[in-house]
Amino acid sequence: GKLTLIEAAGPGEIRHIWITMATGEAYHLKKVVLRMYLDQEKTPSVEAPIGDFFGLGLGTYTVFQSALLAVLPDKALNSYFPMPFEHSARITVTNEGSQDITDFYWNIDWVRLPSLPAGTGYFHAQYRQCTPCDGWYHGNFYGNDFREARKDARWRNVSGEHNYTLLEARGDGQWVGVTFSVFQNQWGGWNEGDEMIWIDGEAQPRIHGTGGEDYFNGAWGFSSLYATPLVGLTEFHGWEPGSRFSHYRWHLEAPVRFHESIRATIEDGHANLRSDNLYSVAYWYQTEPHAPLPQLPPASERIPKFRSVGGPGQDAAMK
């Protein structure tokens with residue numbers, strides 16, 4: 001069923017959202033969908049599984065604190081994104097699971113404003129996933145296989161054509177960050193993937209990073225959890241198949257501004273050689289109209305689960 005959490009008349013600004021629920025439904029964080037409609041839009045500005053929106057992209061509760069999202073003991077989902085609206089704001093949740101959610105509570109703090117400044121950017125969030133990503137390497141990460149792979153033309157990813165897309169948007173706006181979760185299908189680490197960001201249709205990426213842990217402000221791989229106001233690793237379970245990673249990064253200190261379009265991407269492993277399951281929500285502000293959001297996959301396809309893709313750690317599946 002569907003539940004409307006708020007229907008407010010503007011001008012105003014939502015400042016804080018608090019939600020908690022109790023249910024026996026497995027992976028309910030992936031099955032309940034959050035949508036937001038600002039100023040009588042026909043298509044939502046926000047559409048994402050509720051867990052992913054609050055940084056829980058693998059469907060389990062982990063406690064962390066950041067500047068814009070916080071999950072507090074034990075199952076309190078908090079958002080502090082400012083969400084201005086001129087005429088109206090409507091937020092809904094839809095349960096796509098098989099069980100009723102009998103205990104669902106929420107509190108939304110918002111303020112009335114006399115008016116919004118001209119050119120105000122509206123809050124948006126888009127969910128994406130690949131399950132699995134289509135990696136090109138299925139050998140081992142040692143020995144002759146790997147030495148040969150380094151000679152492959154695909155080892156140098158210049159175009160970014162097969163990168164995982166975090167955000168694709170058209171209009172005039174500013175990207176403010178991302179939550180990003182990985183369920184590994186292969187041994188090793190997804191995190192040699194670089195972020196590559198194109199602004200306003202430029203031929204070359206404006207930003208080309210040096211690796212996943214670097215983008216999330218760590219170094220030399222990951223070794224322990226961390227949560228700061230702007231970056232965090234909130235889930236981490238080693239490097240074998242089935243390992244789980246959840247991260248966030250907020251671009252508050254260094255705004256990523258665009259006037260026509262943005263395409264923000266990241267590789268799955270070096271030059272997209274891996275075939276992991278990736279889940280993300282990108283958050284941004286822009287003037288309307290916005291491009292339609294990506295189609296939301298069915299609930300059954302949003303559940304993290306091991307995929308047989310061959311490659312390191314999956315040798316038996318290759319025989």
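It should be noted that the structure appears before, not after, this text.
Let me begin by describing the structure that accompanies this report. (Residues numbered from 1 in each chain as written. Predicted model: local features only at pLDDT ≥ 70, side-chain atom pairs only at ≥ 80, totals over all residues. Heavy atoms only, no water.)

## Observations concerning the overall build of the protein chain
Of the regular secondary structure elements, the protein chain holds six helices and 21 strands. Scaling as 2.2 N^0.38, a compact globule of 319 residues should have a C-alpha radius of gyration of about 20 Å, and the protein chain matches this with 20 Å. With the principal axes as the frame, the protein chain shows a C-alpha extent of 65 × 45 × 35 Å. When each of the 319 residues of the protein chain is scored for burial, the buried share is 58%. Partitioning the contacts of the protein chain with sequence separation of at least 6, the portion at a separation of at least 24 is 77%. Total accessible area computed for the protein chain in this model is approximately 13900 Å², and 52% of it derives from carbon and sulfur atoms. Within the protein chain, one finds 26 positive and 37 negative side-chain charges whose respective centroids are separated by 3 Å. (Helix = DSSP H or I, 4+ residues; strand = E, 2+ residues; numbered from the N terminus. Rg over C-alpha atoms; globule rule 2.2 N^0.38 Å. Buried < 20%, exposed > 50% of the residue type's maximum accessible area, 1.4 Å probe, protein only. Contact = heavy atoms within 4.5 Å. Areas by Shrake-Rupley, 256 points an atom, 1.4 Å probe, with all protein chains shown as cover. Lys, Arg positive; Asp, Glu negative; His and termini not counted. Charge placed at Lys NZ, Arg CZ, Asp CG, Glu CD.)

## Regarding the state of the cysteines
Taken as a whole and assessed by the stated rule, the structure comprises one disulfide. In this model, C130 is linked to C133 through a disulfide, with the two sulfur atoms separated by 1.8 Å. For the pair formed by C130 and C133, the shared burial category is buried. (Disulfide = S-S within 2.5 Å.)

## Topic: the pairing of strand β21 (residues 277–286)
Burial analysis of β21 places ten of its ten residues in the buried class, which makes it a mostly covered element. Side-chain alternation along β21 places N277, Y279, V281, Y283 and Y285 on one buried face and L278, S280, A282, W284 and Q286 on a second face that is also buried. Inspection of the sheet shows strand β11 (residues 122–130) paired to β21 by nine bridges, in the antiparallel sense. Following the sheet pairing, H124 is matched in β21 by W284. (Pairing = 2+ DSSP bridges.)

## Topic: the packing of aromatic side chains
Ring pairs (aromatic) are described by centroid distance and by the angle formed between their planes. As enumerated under the stated definition, the model contains 26 aromatic pairs in all. Both rings, one in F81 and one in Y283, keep their centres 5.0 Å apart while their planes meet at 15 degrees; by these two values the pair is stacked. Note that F81 is positioned in the loop between β7 (76–79) and β8 (83–85) and Y283 in strand β21, a separation of 202 residues in sequence. Under the relative-accessibility criterion, F81 is labelled buried at 1%. Ring pairs connect the aromatic residues F53, F54, F64, F81, F123, Y248, W250, Y283 and Y285, which therefore count as one cluster. Across the ring face of W198, the terminal group of R263 is positioned such that the distance to the ring centre comes to 4.8 Å. (Phe/Tyr/Trp six-rings, centres within 6.5 Å; stacked < 30°, edge-to-face > 60°. Lys NZ or Arg CZ within 6 Å of the ring centre and 35° of its normal.)

## Quick notes on the pattern of salt bridges
Overall, the coordinates contain 13 salt bridges when judged by the stated rule. The shortest N-O distance in the salt bridge between R154 and D152 comes to 3.0 Å. Among the residues examined, D152 registers a relative accessible area of 25% and is labelled partly exposed. (Salt bridge = Lys/Arg side-chain N within 4 Å of Asp/Glu carboxyl O.)

## Here we look at the sheet that holds strand β12 (residues 164–170)
Spatially, the four strands line up as an open sheet ordered β12-β20-β14-β15, and their pairing is antiparallel. Here the strands that pair on one side only, and so sit at the sheet edges, are β12 and β15 (207–208). In this sheet, β15 lies alongside strand β14 (residues 195–199) in antiparallel orientation, the contact comprising two bridges. Each bridged residue has a counterpart across the sheet, and for I197 the counterpart in β15 is I207.

## Considerations on the side chain of D52
Structurally, the position occupied by D52 is in helix α2 (residues 50–53). In this structure D52 touches L29, K30, G57, Y127, T179, Y279, V281 and Y283, once residues within four positions along its chain are discounted.

## Section: unusual backbone geometry
Trans is the prevailing form of peptide bonds, just as negative phi is the prevailing case for residues other than glycine. Residues G10 and P11 are joined by a peptide bond in cis, for which omega reads 0 degrees. Mapped onto the fold, P11 is located in the loop between β1 (2–9) and β2 (12–22). Geometrically, the link from E288 to P289 is a cis peptide bond, its omega value of 5 degrees lying close to zero. Tracing the backbone shows P289 in the loop between β21 and α5 (299–302). Positioned with a positive phi, D200 is a non-glycine residue whose angle comes to about 55 degrees. Relative to the elements of secondary structure, D200 occurs in the loop between β14 and β15.

## Observations concerning the side chain of Q129
Secondary-structure assignment places Q129 in strand β11. Relative accessible area serves as the criterion here: at 17%, Q129 is assigned to the buried category. Only 3.0 Å separates the side chain of Q129 from the backbone oxygen of E301, close enough to count as a polar contact. Sequence-distant contacts of Q129, that is, excluding residues within four places in its chain, are made with Y164, L278, Y279, P297, E301 and R302. (Polar contact = N/O pair within 3.5 Å; in protein donor to acceptor, adjacent residues only side chain to side chain.)

Just geometry here; none of it tells us what the structure is for.
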